[in-house]
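# Examining the three-dimensional arrangement
Residue-level listing of the chains:
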Amino acid sequence: MMKGNIGQLMQQAQKMQENLKQAQQELADLEVTGQAGGGLVEVTMSGRHEVRRVRIDESVADDREMIEDLVAAAVNDAVNRVQEASQEKMSGLTGGLPLPPGFTLP
């Protein structure tokens, strides 16, 4: 009887590993957009934290210091959105169990 339980646990572990790989790929393909200044600056980032696009409204084009601040804020917003998406995706795999603080996907 114990041998059957081990086999069942192994199957469950393999299924969870497959689901994890699929979730990691979906997150890698994900694109989120962070904003700052009410949309004056937008940064589009992949689920792997790679910046794909930066859009800067021409109304702030002459204010270098403001642009620098808004780009930094938009990148931080995008990073937070990637984190939220990762936690949401992973909570589905862990059955709603809380993830350890700072948990990130490779």
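Residues numbered from 1 in each chain as written. Predicted model: local features only at pLDDT ≥ 70, side-chain atom pairs only at ≥ 80, totals over all residues. Heavy atoms only, no water.

### Re the pairing of strand S2 (residues 41-46)
Of all 6 residues in S2, 5 are buried, a share of seventy percent or more. Inspection of the sheet shows strand S1 (residues 31-36) paired to S2 by 6 bridges, in the antiparallel sense. In the strand pairing of S2, Thr33 is matched with Thr44. Two successive antiparallel strands, S1 and S2, enclose a turn made up of 4 residues, where Gly37 displays a positive phi of approximately 65 degrees. Where S2 lies against strand S3 (residues 51-56), 5 bridges are found, and the strand directions are antiparallel. Bridging across to S3, Thr44 finds its partner in Arg53. Connecting S2 to the antiparallel partner S3 that follows it, the hairpin turn spans 4 residues, and His49 within it adopts a positive phi of roughly 65 degrees. (Buried < 20%, exposed > 50% of the residue type's maximum accessible area, 1.4 Å probe, protein only. Helix = DSSP H or I, 4+ residues; strand = E, 2+ residues; numbered from the N terminus. Pairing = 2+ DSSP bridges.)

### A look at the UniProt feature "coiled-coil region" (unreviewed entry) in the chain
Residues annotated in UniProt with the feature "coiled-coil region" (unreviewed entry) correspond here to residues 6-33. In residues 6-33, the share of helix is 86% and the share of strand is 11%. The end C-alpha atoms are 44 Å apart. (UniProt positions renumbered as here; feature names shortened; annotations may be inferred.)

### Let's talk about the sheet that holds S1
Strand order across the open sheet formed by 3 strands is S1-S2-S3, with antiparallel pairing between neighbours. Of all the strands in the sheet, the pair left with one neighbour each is S1 and S3. Strand-to-strand twist of the sheet, defined as the mean angle between neighbouring strand axes without regard to direction, takes the value 15 degrees. (Axes fitted to C-alpha atoms, helices over the stretch in contact; angles between N-to-C directions.)

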